[in-house]
Protein chains: 2
Amino acid sequence: MVNMTVIHVGNIKDRFFADAVAEYEKRISGFCRIKSIEIKEKRPPESPSDAQISQLLDQEGEKILLSLPRDCYKIALCVEGKKMSSEKFADVLQQLPHKGFSEAVFIIGSSYGLSPKVKEKCDLRLSVSDMTFPHRLMRVILAEQIYRACTICAGTEYHK
Amino acid sequence: MVNMTVIHVGNIKDRFFADAVAEYEKRISGFCRIKSIEIKEKRPPESPSDAQISQLLDQEGEKILLSLPRDCYKIALCVEGKKMSSEKFADVLQQLPHKGFSEAVFIIGSSYGLSPKVKEKCDLRLSVSDMTFPHRLMRVILAEQIYRACTICAGTEYHK
């Protein structure tokens, strides 16, 4: 399995979500190297205008683009992205070495999402659901899906 | 907001998922009554056949059907169900009193899913994602979406 990096905007305040991510990352580390990069979340003013949100996303977006490893396969998590089953997701990751990639980078935005510039730079826009999740729950879901993909590709049992 | 019941097969072993569900249920209780009913998970034999899985689901299904409150709106969580945004989901719940329902019941199966009989009995089959999640993570996602729906319907701020 390729190495993984999760770039996320903002940290996880809730202990239970942080513990869940840590547990799945521990399991993933049996299959590949996984690391995460935190981009500091910009505090928006109260009741921000569309222009203020757009500016905030651009600022966060610049930092995200600067933190991207070179030659990685970039996956943006966004509601309007492509939907796929866990098996298809595992297949996408498994095919990366054949496409010349040794690393997959996942990008999770803040509660306002991701800037268009970041989405354009990505090789894949992935949608988990039509529903909106808080980004800290999204990190748990992503970590669980990466772990699941590792077990699917390795043909090993999913540890419940 | 109508009252809510979550019927789930099996319990949550992981402390972090149990804590996450408890936190969202606490928040939901500010809007409506929420309770959960646990159906004991049947242990399948090792490498179960399709017939054995089907029998197991039927047995769990009978218990689920017996535990259903009367005159409730029944929602089965299943991957092949209907997809919707968080706003649409909130709208479905908000419309229930106008359809004569004062309670919504959500049913989450075990890792083998739900029996066809249970799905047929439901008013709505709801799919959160094309991806497969462990049922304990599904409980967290559902609790978060119910809380989100409560804030959408009440027009109050989502507490991050």
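Predicted model, so just to flag it, every value in this text is computed and none were measured. (Residues numbered from 1 in each chain as written. Chains lettered and ligands numbered in written order. Predicted model: local features only at pLDDT ≥ 70, side-chain atom pairs only at ≥ 80, totals over all residues. Heavy atoms only, no water.)

**Observations regarding the overall build of chain A**
Part 1: Across its full length, chain A carries 5 helices and 5 strands.
Part 2: Along the chain direction, N to C, the helices and strands of chain A fall in the order β-α-β-α-β-α-β-α-β-α.
Part 3: Principal-axis analysis of the C-alpha atoms places the extent of chain A at approximately 50 × 35 × 25 Å.
Part 4: Of the roughly 7,800 Å² of accessible surface on chain A, 47% is carried by carbon and sulfur atoms.
Part 5: Charged side chains in chain A number 24 positive and 21 negative. The centres of these two groups are separated by 2 Å. (Helix = DSSP H or I, 4+ residues; strand = E, 2+ residues; numbered from the N terminus. Areas by Shrake-Rupley, 256 points an atom, 1.4 Å probe, with all protein chains shown as cover. Lys, Arg positive; Asp, Glu negative; His and termini not counted. Charge placed at Lys NZ, Arg CZ, Asp CG, Glu CD.)

**Examining the relation of the copies chain B and chain A**
Part 1: Of the transformation superimposing chain B on chain A, the axial component is 0.0 Å and the angular component is 180°, with the fit at an RMSD of 0.0 Å. What the rotation and shift describe, once combined, is the action of a two-fold rotation axis. Closest approach to the rotation axis among the C-alpha atoms of chain B is made by Phe16 of chain B, whose C-alpha sits 2.2 Å away.
Part 2: Both copies share a contact surface, since 100% of the interface residues of chain B are interface residues in chain A too. (Least-squares fit on C-alpha atoms with pLDDT ≥ 70 in both. Contact = heavy atoms within 4.5 Å.)

**Focus: the side chain of Glu25 of chain A**
Part 1: Among the structural elements, Glu25 of chain A can be located in helix α1 (residues 15-28).
Part 2: Buried and without a salt bridge, Glu25 of chain A has Arg139 of chain A as its closest oppositely charged side chain, separated by 4.2 Å. (Buried < 20%, exposed > 50% of the residue type's maximum accessible area, 1.4 Å probe, protein only. Salt bridge = Lys/Arg side-chain N within 4 Å of Asp/Glu carboxyl O.)

**Remarks on the nonpolar core**
Part 1: Counting residues in each nonpolar core, the largest one holds 80 residues, and the members touching the most others are Phe106 and Ile146 of chain A together with Phe106 and Ile146 of chain B.
Part 2: Residues contacting Phe106 of chain A, with those up to four places away along its chain left out, are Met4, Thr5, Val6, Ile7, Ile75, Leu77, Phe89, Leu93, Leu142 and Ile146 of chain A. (Core = buried A, V, L, I, M, F, W, Y, C linked by side-chain atoms within 4.5 Å.)

**Considerations on the interface of chain B and chain A**
Part 1: With 32 residues of chain B at the interface, the matching set in chain A holds 32 residues.
Part 2: Sorting the residues of chain B by area buried against chain A places Phe16, Met131 and Lys160 of chain B first, and these three jointly supply 25% of that buried surface.
Part 3: Put simply, chain B and chain A have 8 residue pairs in polar contact (both at pLDDT 80 or more) between them.
Part 4: Counting residues per element, the ones that place at least two in the side of chain B that touches chain A are α1 (15-28), α3 (86-95) and α5 (135-154) of chain B.
Part 5: Residues that form the side of chain B that touches chain A fall into these classes: 15 nonpolar, 7 polar and 10 charged. (Buried area = accessible area lost by both parts, 1.4 Å probe. Polar contact = N/O pair within 3.5 Å; in protein donor to acceptor, adjacent residues only side chain to side chain. Nonpolar A, V, L, I, M, F, W, Y, C, P; charged D, E, K, R; others polar.)

**Brief notes about the sheet that holds strand β5 (residues 124-126) of chain A**
Residue and element names in this part refer to chain A.
Part 1: One open sheet holds the 5 strands; their spatial order is β2-β1-β4-β3-β5, and the pairing between them is parallel. Strand pairing shows two members of the sheet lacking a second neighbour, β2 (34-39) and β5, which therefore form its edges. Ignoring strand direction, the axes of neighbouring strands in this sheet form an average angle of 30°.
Part 2: Pairing analysis gives 4 bridges linking strand β3 (residues 73-82) to β5, with the strands arranged parallel. By the bridge assignment for β5, Ile75 is matched with Leu124.
Part 3: The strands that helix α2 (residues 50-67) touches are β1 (3-9), β2 and β4 (103-108); relative to β2, the one it contacts most, it runs at about 150°. (Pairing = 2+ DSSP bridges. Axes fitted to C-alpha atoms, helices over the stretch in contact; angles between N-to-C directions.)

**Observations regarding the pattern of salt bridges**
Residues and elements named next belong to chain B.
Part 1: This model, assessed by the stated rule, comprises 18 salt bridges over all chains.
Part 2: With a closest N to O distance of 2.8 Å, Lys119 and Glu80 form a salt bridge. With Lys119 in helix α4 (residues 116-121) and Glu80 in strand β3 (residues 73-82), the pair connects residues that are 39 residues apart, well separated along the chain.
Part 3: The shortest N-O distance in the salt bridge between Asp130 and Lys83 comes to 2.7 Å. Highlighted residues: Asp130 in the loop between β5 (124-126) and α5 and Lys83 in the loop between β3 and α3, separated in sequence by 47 residues.

**Section: α1 of chain A**
Part 1: The terminal C-alpha atoms of α1 of chain A lie 20 Å apart, and with 14 residues this matches the ideal 20 Å at 1.5 Å per residue to within 8%.
Part 2: Of all the positions in α1 of chain A, only Phe16, Phe17, Ala20, Val21, Tyr24, Glu25, Arg27 and Ile28 of chain A are classed as buried. (Expected span 1.5 Å × (residues − 1).)

**Description of the confidence of the model for chain A**
Part 1: Confidence in the prediction for chain A averages 95 pLDDT; 100% of positions are at 70 or higher.
Part 2: As a predicted assembly, this complex carries a pTM of 0.95 together with an ipTM value of 0.94. (pLDDT = per-residue confidence, 0-100.)

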